[in-house]
Structure formats: structure tokens, C-alpha cells
Amino acid sequence: MSEHSRYESARRGAGALVSGALSAIVIMVALLAAMWGVEVIDYVFGGALDRQFGILGGDPDGLIGIVFAPFLHDGFGHLMANSLPLLILGFLAALRGVGKFLWASVLIILIGGLGTWVTSPGVITIGASGLVFGYFGFVVARGLFDRRALDIVIGIGVAIAYYSILWGLLPNQYGISWQGHLFGLIGGVVAAWVLRRKRELPAAPTY
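Quick caveat, the model's predicted, so the values are computed rather than measured.

Student: If you had to explain the side chain of Asp 50 to someone new, which residues and values would you point to?
Tutor: Structurally, Asp 50 can be placed in helix α2 (residues 48-53). Here Asp 50 is buried and forms no salt bridge, its nearest opposite-charge partner Arg 51 lying at an N-O distance of 6.7 Å. When sequence neighbours within four positions are dropped, the list of residues in contact with Asp 50 reads Asp 42, Leu 72, His 73, Asp 74, Ile 124 and Ile 126.

Right, here's the structure in full:
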């Protein structure tokens, strides 16, 4: 590869990264704004949204909560605790493109929500912490599966900075859904595998 070609490739890569960063900021700010808006509405209605649209484990009527529960919180304190890690980890998860980020979010929500529904009979689960764990798993696993230098560095940095959240996987913590955390994390790792960069096979030699 010529010097000019390497320069052009690096320039395109840098441009794509900057574009991805701007898109990631926009989508995460919009996501958090939506969550805060929903929490204001829920506060006005006395928590009715939590009871109606949370994941009610083991109940077929509670399956609807798989889609809505990540956007609901048990008060503003709960939402505040999730907002910063969600913003940071979601931004890093979206850095490689909004399309992959949206698909990763869908997989995390579905796997995390269904796993919670199956393993939490009779319990209503709400909150974005499953997404937080999912984005954590996605960012760390993406570095392992894609093997791009930047993703590896980001994955290692996230693992070091946020390793303490893994205490949330321990059972029997009052008021904390370790099931939501665990299955959200699994969903993130699965998403990283499904959405991993496809490597081109080397061309067959010609004779």
C-alpha cells in the first residue's frame, strides 16, 4: 500500500470515528431525555406505569414489560443512578455506528428481559440497569471478537473502570434484580458475537 493510500485510509477511518461519536452522543442524549420524560409522567400518575408496564415474571401479561421496563424507574433517584453509566457505556457501544448499536440494544432488551421474566416469577422488574450491563458486556466482548486495536483498548478500559458493577450479579441483594443484570450482560456478549466484524477469507491461490 502506498503512502498516499495509507493516508487516505487513516483519514477515512478518523472521519468515520468522529461521525460515529457525534451520532452516539445524539442518540444517547435522546434516549436519556426519553427516560426522564417517561419518569416525569410516571411520577404524575403515582407510579402507575411501573405497575402496568414492568416485567412481571412468569405472568404472560408481564411479557409486554420486556419492551418497556428499561425505560421505567422506581423514582428519580433510581434513574439518576443509571443515567451516567448508561450515557458513558451507551456512547461507547454506539461509537461504531448507530445501526449496530440499535441491533445490539434490541438483542440486549430481548435476551435480558426474557431471562428476567423466566427467572423472576411474581416480581415486577423495571430499570435501565439491564441495558447498562448489556452495553458493558457488548463493549468488552466487541474488543475480543472484532480484534480492532481501538475496540480492544476501549474494552480493556471499560473492564477496568466498571469492573465493580459485576457485584450487581450477586443474588439476594434487596431491591436489586441480579437476574436483569445477568441476562442483560449475556445479551450484550451475544450481541457482540452476532454483530462482530466479518473477516474476508483470503483469496484462493491461482496457478
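Student: If you had to explain the pattern of salt bridges to someone new, which residues and values would you point to?
Tutor: When the charged atoms of two side chains with opposite charge come close together, those side chains can pair. Using the criterion set out here, one finds four salt bridges in the structure. One salt bridge connects Arg 142 with Asp 151, and the closest N-O pair in it is separated by 3.7 Å. Arg 148 is paired through a salt bridge with Asp 146; the nearest N and O atoms lie 3.2 Å apart. Connected through salt bridges with shared partners, the residues Arg 96, Arg 142, Asp 146, Arg 148 and Asp 151 form a single ionic network.

Student: A description of a nonpolar patch on the surface should follow, citing residues and the corresponding values.
Tutor: There is a patch of nonpolar side chains on the surface, built from Val 18, Leu 22, Ile 25, Val 29, Leu 84, Leu 87 and Ile 88 and spanning about 600 Å² of accessible area. Looking at the nonpolar patch, the elements that each hand over two or more residues are α1 (3-44) and α4 (76-94). With four residues, α1 is the largest single contributor of residues to the nonpolar patch. In this fold, Val 29 is placed in helix α1.

Student: Can you explain empty space enclosed by the protein? Please cite residues and give values.
Tutor: This model, assessed by the stated rule, comprises two cavities of 30 Å³ or more. Approximately 190 Å³ is the volume found for the largest cavity. Looking at the lining of the largest cavity, the elements that each hand over two or more residues are α5 (98-119), α6 (129-146) and α8 (178-194). The element best represented in the lining of the largest cavity is α5, accounting for five residues. Looking at the second largest cavity, its volume works out to about 60 Å³. Around the second largest cavity, the lining residues are Arg 96, Lys 100, Phe 138, Arg 142, Asp 146, Arg 148, Ala 192, Leu 195 and Arg 196. When residues of the lining of the second largest cavity are assigned to their parent elements, the largest contribution, three residues, is made by α6.

Student: Account for the layout of surface pockets, with residues named and values stated.
Tutor: Approximately 660 Å³ is the volume found for the largest pocket. Around the largest pocket sit 24 residues that line it, and Ser 129, Gly 175, Ile 176, Ser 177 and His 181 are the ones nearest its centre. Contributions of two or more residues to the lining of the largest pocket are made by α4, β2 (124-125), α6 and α8. At four residues, α4 tops the list of elements feeding residues into the lining of the largest pocket. When the residues that make up the lining of the largest pocket are grouped by side-chain class, the tally is eleven nonpolar, twelve polar and one charged.

What counts as what
Residues numbered from 1 in each chain as written. Predicted model: local features only at pLDDT ≥ 70, side-chain atom pairs only at ≥ 80, totals over all residues. Heavy atoms only, no water. Helix = DSSP H or I, 4+ residues; strand = E, 2+ residues; numbered from the N terminus. Buried < 20%, exposed > 50% of the residue type's maximum accessible area, 1.4 Å probe, protein only. Lys, Arg positive; Asp, Glu negative; His and termini not counted. Salt bridge = Lys/Arg side-chain N within 4 Å of Asp/Glu carboxyl O. Contact = heavy atoms within 4.5 Å. Patch = residues over 30% accessible without salt bridge, like charges linked within 9 Å, V, L, I, M, F, W, Y side chains within 5 Å. Areas by Shrake-Rupley, 256 points an atom, 1.4 Å probe, with all protein chains shown as cover. 1 Å grid on protein atoms, 1.4 Å probe; cavity = no way out; pocket = protein on both sides within 12 Å on 5 of 7 lines; lining within 4 Å. Points joined across faces, edges and corners; volume = space filled by probe spheres on them. Nonpolar A, V, L, I, M, F, W, Y, C, P; charged D, E, K, R; others polar.

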